[in-house]
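Results of the structural survey
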Amino acid sequence: EPEVTQTPSHQVTQMGQEVILRCVPISNHLYFYWYRQILGQKVEFLVSFYNNEISEKSEIFDDQFSVERPDGSNFTLKIRSTKLEDSAMYFCASTTGVSNQPQHFGDGTRLSIL
Amino acid sequence: GQQVMQIPQYQHVQEGEDFTTYCNSSTTLSNIQWYKQRPGGHPVFLIQLVKSGEVKKQKRLTFQFGEAKKNSSLHITATQTTDVGTYFCAGSGGYQKVTFGTGTKLQVIP
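The sections below set out a description of the structure shown in this document. Numbers given for residues are sequential positions, taken from 1 along each chain in its written order. Following the order in which they are written, the chains are lettered starting with A and the ligands numbered starting with 1. Residue-level local features of this predicted model are given only where pLDDT is at least 70; pairs of side-chain atoms are given and counted only at 80 or more, and the full residue set underlies all totals for whole chains, interfaces and linings. Each side-chain value is worked out from all heavy atoms of the structure, with water and hydrogens disregarded.

Focus: the interface of chain B and chain A
Counted only if it meets this: We call two residues contacting when some pair of their heavy atoms lies within 4.5 Å. Note: buried area is the sum, over both parts, of the accessible area (probe 1.4 Å) each one loses when the two are combined. Salt bridges are defined as contacts in which a side-chain nitrogen from Lys or Arg sits within 4 Å of a carboxyl oxygen from Asp or Glu. Polar contacts, as used here, are pairs of N or O atoms within 3.5 Å; protein pairs need one atom able to donate a hydrogen and one able to accept it. Residues neighboring in sequence count only if both atoms are side-chain atoms. Strands are runs of DSSP state E lasting at least two residues, helices are runs of H or I lasting at least four, and both sets are numbered from the N terminus onward.
Listed by partner, the interface residues are 19 residues for chain B and 20 residues for chain A. Counting each side, the surface lost to burial between chain B and chain A is near 1600 Å², with a carbon and sulfur contribution of 56%. Put simply, chain B and chain A have zero salt bridges between them. Taken together, the links from chain B to chain A amount to two residue pairs in polar contact (both at pLDDT 80 or more). A per-element tally of the side of chain B that touches chain A places strand β4 (residues 32-37) of chain B first, with three residues.

What about the side chain of A:Gln103?
Residues and elements named next belong to chain A. Put simply, the rule reads: Each residue is assigned to one of three classes by its accessible area relative to the maximum for its type, calculated with a 1.4 Å probe on protein chains only: buried under 20%, partly exposed between the two thresholds, exposed over 50%.
Tracing the backbone through its elements, the reader meets Gln 103 in the loop between β9 (88-95) and β10 (104-105). The exposure class assigned to Gln 103 is buried, which follows from its relative accessible area of 1%. At 2.8 Å, the side chain of Gln 103 and the side chain of Tyr 35 are in polar contact.

Some words on the state of the cysteines
All names here are of chain A. To keep things clear, this is the line we draw: Defined by distance alone, a disulfide is two cysteine sulfur atoms within 2.5 Å.
The full count for this structure, using the stated rule, is two disulfides over all chains. Disulfide partner of Cys 23: Cys 92, at an S-S distance of 1.9 Å. Its S-S torsion of about -65 degrees marks the bond between Cys 23 and Cys 92 as left-handed, since a negative value means left-handed. Taken together, the residues span a long stretch of sequence, with Cys 23 in strand β3 (residues 19-24) and Cys 92 in strand β9 at a distance of 69 residues.

A few points about unusual backbone geometry
Following A:Thr7, the chain continues into A:Pro8 via a peptide bond in cis, with omega recorded as -10 degrees. Note that A:Pro8 resides in the loop between β1 (5-7) and β2 (10-13). The residue after B:Ile7, namely B:Pro8, is reached through a cis peptide bond having omega -5 degrees. In this structure, B:Pro8 sits in the loop between β1 (4-7) and β2 (10-14).

If you want it as structure tokens, here you go:
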């Protein structure tokens, strides 16, 4: 079964540095998402992306965050100047967009800010 | 904004006992989804309910969507150690963002 893949599985970065998290959504999916989960807490929506533009974003997704689909397969999340509170698991998800089709999640990237 | 709460936050049960988690949304939902997250893992889709009052079963798991489409429940009969994890309900779906509930962490004691 096709899967959403994320790299790296674990990223350790110094505070203030830029970080790029990468995702390869399922090939025939059209809608892409980033979520984050701070340790022990619920999964929080960050941003959704469709047709090469952001369709919705949460209040968490401030100017430090950006997303890009640089080619036909990758979907990236960039955090420009990381803060300690950015430490979390970041999940990418994708879906076809057809009604009642679920979102498929990747295994996540654990981001640790030092 | 929309809030989705779950109770209880934690539940410890003896293996073989039943387990139920309840989900309540601050707004009416078009559909509700349930996910299971194993420790260290990612959310895995279990099921989606769309119709008011809908009940669906997956082996020992029974999912229910409230008549007003603002609440839902997941019931596990005769829990097993493989049921350990955190169960999240989530509002919306399809191409729309998923608003996750606060989750119920289930621990099964052998």
